[in-house]
Amino acid sequence: MTTMHKRFLLASRPTGEATVDNFQLVEAPLDERLHEGQVLVRHHYLSLDPYMRGRMSDAKSYAPPQPLGEVMIGGTAGEVIASRDPRFAAGDFVVGMGGWQTHQKAGPNDRTLRKVDASRVPLSAYLGAVGMPGVTAWYGLTQIIAPKPGATVVVSAASGAVGSVVGQLAKARGVRAVGIAGGREKCDYVRDELGFDACVDYKEHRDVQSLSRAIAEACPDGVDGLFENVGGMVMDAVMLRTNPFARVAVCGMIAGYEGQPIPMAFPALVLTNRLRLEGFIVSEHPEHWPAALKELGELVATGKLKYRETIAKGLERAPEAFLGMLKGKNFGKQLVDLR
Ligand code: NDP
């Protein structure tokens, strides 16, 4: 039977909100021939991440746009099925940046492909808690907020891939962890299963003052650190509760990824509360990845770090799952099962 190679190309750039029509599915028989140094990988999982929305656009950003007509960028986990690179053998489990496709041929210059041990940590977790999102949480918390035991740290998008890890790492460091998430079910999960001290449902609040009062109740000693994933009203409401010298790790602004305006309502607080705000891009800090991955891998392998996944079945579902994730339809790490 012929094995088919399916891939999604970026067909057009969104004007306004992204739609499924921005992607094009292409299918052809898999060419299994390899040149010296090449590795053929069959992808098991594709990671869907908010940053992809930025790459679909050609607006100026920290990374160049995804070229039109090429396979959509994306993190992948899979299995080597053939190799002409002595570093890899058939049967190895690997992660890489294979893109939105069922298979990839990685060349000798591909520095993203690396072997992983799928015996202690499930393969899919290398795209979440023990992958880029986990390292993002680790970096922003430990290197930017650097909370002392007893401090209070708030994280938005708390049930998601990054946010869920932020709160659990904070708790492990003796910090009060407070989440913000959309909906009762996500908040219950964040508090009862992930062990955060409290979680505020931002969808219950129509304005920033009301949300800010709820945050004050959850943070009786004020906010010493904010791990910001959302921006807009959610960020403003927490900023109002910051203690003097609080630190804000600006990780993401997902409330504005589809072009919505997200002005900062109270910029004067940066001065009056002597806040330190720092944006970061996790891929720019490769020196921290080994320590972060070691800690995260150990925590997941020993069951101390919990995570949840929403898994769409089949590459065909990737665009819909991606657009849903941008609107909060995911619960935990959004993946696509490509097998
Ligand atoms: P998540 O798994 O958290 O999924 C995204 C979540 O964002 C949704 O589930 C939804 O949760 C929430 N959300 C979407 N729109 C809004 C909105 N308007 N207001 C409030 N919440 C909203 O994604 P990730 O964990 O992968 O990413 C989280 C953030 O981290 C993103 O902003 C991303 O861009 C950023 N990031 C930054 C990196 C860096 O290097 N700086 C690296 C990786 C991620 P809910 O239902 O609770 O609203």
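Predicted, not measured: the structure shown is a model, and the values here were computed from it. (Residues numbered from 1 in each chain as written. Predicted model: local features only at pLDDT ≥ 70, side-chain atom pairs only at ≥ 80, totals over all residues. Heavy atoms only, no water.)

### Quick look at the overall build of the chain
Phase 1: Looking only at helices and strands, one finds nine helices and 15 strands in the chain.
Phase 2: Taking 339 residues into account, the globule formula puts the C-alpha radius of gyration at 20 Å, and the chain, at 20 Å, falls close to it.
Phase 3: Its C-alpha atoms give the chain principal-axis dimensions of about 65 × 45 × 35 Å.
Phase 4: A burial count over the chain gives 54% of its 339 residues as buried.
Phase 5: Considering only contacts in the chain between residues 6 or more positions apart, those separated by 24 or more positions represent 68%.
Phase 6: Looking at the chain, you have 39 positive and 37 negative side-chain charges, and the mean spots of the two groups are 2 Å apart. (Helix = DSSP H or I, 4+ residues; strand = E, 2+ residues; numbered from the N terminus. Rg over C-alpha atoms; globule rule 2.2 N^0.38 Å. Buried < 20%, exposed > 50% of the residue type's maximum accessible area, 1.4 Å probe, protein only. Contact = heavy atoms within 4.5 Å. Lys, Arg positive; Asp, Glu negative; His and termini not counted. Charge placed at Lys NZ, Arg CZ, Asp CG, Glu CD.)

### Here we look at the state of the cysteines
Phase 1: Tallying each qualifying case throughout the model produces zero disulfides.
Phase 2: Cysteine Cys187 shares no disulfide, and the gap to the nearest cysteine sulfur, in Cys199, comes to 3.1 Å.
Phase 3: Taking relative accessible area as the criterion, Cys187 reaches 4% and is therefore assigned buried.
Phase 4: Between Cys219, a free cysteine, and Cys199, which holds the nearest cysteine sulfur, the sulfur-to-sulfur gap is 11 Å. (Disulfide = S-S within 2.5 Å.)

### Notes on empty space enclosed by the protein
Phase 1: Scanning the entire structure with this criterion turns up one cavity of 30 Å³ or more.
Phase 2: In this structure, the largest cavity encloses a volume near 30 Å³.
Phase 3: Taken together, Gly128, Ala129, Gly160, Ala161, Ser164, Val165, Tyr307, Arg308, Gly332 and Lys333 form the lining of the largest cavity.
Phase 4: Sorting elements by how many residues they give to the lining of the largest cavity places helix α3 (residues 161-172) first, with three residues.
Phase 5: Looking at the lining of the largest cavity, its residues break down into four nonpolar, four polar and two charged.
Phase 6: Formed jointly, the lining of the largest cavity draws a minimum of three residues from each of two domains, domain 1 (4-128 + 307-337) and domain 2 (132-283). (1 Å grid on protein atoms, 1.4 Å probe; cavity = no way out; pocket = protein on both sides within 12 Å on 5 of 7 lines; lining within 4 Å. Points joined across faces, edges and corners; volume = space filled by probe spheres on them. Nonpolar A, V, L, I, M, F, W, Y, C, P; charged D, E, K, R; others polar. Domains from an automatic or database assignment.)

### Here we look at the domain arrangement of the chain
Phase 1: Looking at the assigned domains, one finds that the chain contains domain 1 (4-128 + 307-337) and domain 2 (132-283).
Phase 2: Each of domain 1 and domain 2 has a C-alpha centre, and these two points are 29 Å apart.
Phase 3: Buried surface at the junction of domain 1 and domain 2, summed over both partners, amounts to about 1400 Å²; 59% is from carbon and sulfur atoms.
Phase 4: At the boundary of domain 1 and domain 2, one finds one salt bridge.
Phase 5: One can count six residue pairs in polar contact (both at pLDDT 80 or more) joining domain 1 with domain 2. (Buried area = accessible area lost by both parts, 1.4 Å probe. Salt bridge = Lys/Arg side-chain N within 4 Å of Asp/Glu carboxyl O. Polar contact = N/O pair within 3.5 Å; in protein donor to acceptor, adjacent residues only side chain to side chain.)

### Some details on the sheet that holds strand β10 (residues 198-201)
Phase 1: The six strands lie next to each other as β10-β9-β8-β11-β12-β13, forming an open sheet whose pairing is parallel. Each edge of the open sheet is held by one strand with a lone partner, namely β10 and β13 (276-279). Between one strand and the next, the sheet's axes are offset by a mean angle of 15 degrees, whatever the strand orientation.
Phase 2: Where strand β11 (residues 223-228) lies against strand β12 (residues 242-250), five bridges are found, and the strand directions are parallel. Bridging across to β12, Leu226 finds its partner in Val248.
Phase 3: Running over the sheet, α3 touches β8 (152-156), β9 (176-181) and β11 and is turned about 170 degrees from β8. (Pairing = 2+ DSSP bridges. Axes fitted to C-alpha atoms, helices over the stretch in contact; angles between N-to-C directions.)

### Considerations on the site of the ligand
Phase 1: Neighbouring residues of the ligand: 27 residues in total, closest Lys186, Tyr202, Tyr257, Val282 and Asn330.
Phase 2: One of the side-chain nitrogen or oxygen atoms of Tyr257 is found 2.7 Å away from an oxygen atom of the ligand.
Phase 3: Between the ligand and the protein, one listed contact pairs an oxygen atom with a backbone N or O atom of Val282 at 2.7 Å.
Phase 4: Relative to its free-state accessible area of 910 Å², the ligand is covered by the protein chains to the extent of 91%.
Phase 5: Only α2 (132-145), α3 and α9 (318-326) provide two or more residues apiece to the shell around the ligand.
Phase 6: Classifying every residue of the shell around the ligand gives 18 nonpolar, eight polar and one charged.
Phase 7: Residues from two domains meet in the shell around the ligand; each of domain 1 (4-128 + 307-337) and domain 2 (132-283) gives at least three. (Near = heavy atom within 4 Å. Areas by Shrake-Rupley, 256 points an atom, 1.4 Å probe, with all protein chains shown as cover.)

### Concerning the nonpolar core
Phase 1: Counting 47 residues, the largest nonpolar core has Val130, Phe227 and Leu296 as its most contacted members.
Phase 2: Of all the secondary structure elements, the ones that give two or more residues to this core are α2, β8, α3, β9, α4 (184-193) and α8 (289-301).
Phase 3: At seven residues, the largest contribution of residues to this core is made by α2.
Phase 4: Counting residues in each nonpolar core, the second largest holds 24 residues, with Val178, Ala198, Leu211 and Ala246 among its members. (Core = buried A, V, L, I, M, F, W, Y, C linked by side-chain atoms within 4.5 Å.)

### Observations regarding the packing of helix α5 (residues 208-218) against helix α6 (residues 232-239)
Phase 1: The geometry of α5 relative to α6 is characterised by a closest axis approach of 8 Å and an angle of 50 degrees between their N-to-C directions. Between α5 and α6, the interaxial angle falls into the category oblique. The hand of the α5/α6 crossing is right-handed. In this structure, α5 uses Val208, Leu211, Ser212 and Ile215 to contact α6, whose residues at the interface are Met233, Val234, Asp236, Ala237 and Val238. (Parallel < 35°, antiparallel > 145°, perpendicular 65-115°, else oblique. Left-handed = near helix turned anticlockwise from the far one by under 90°.)

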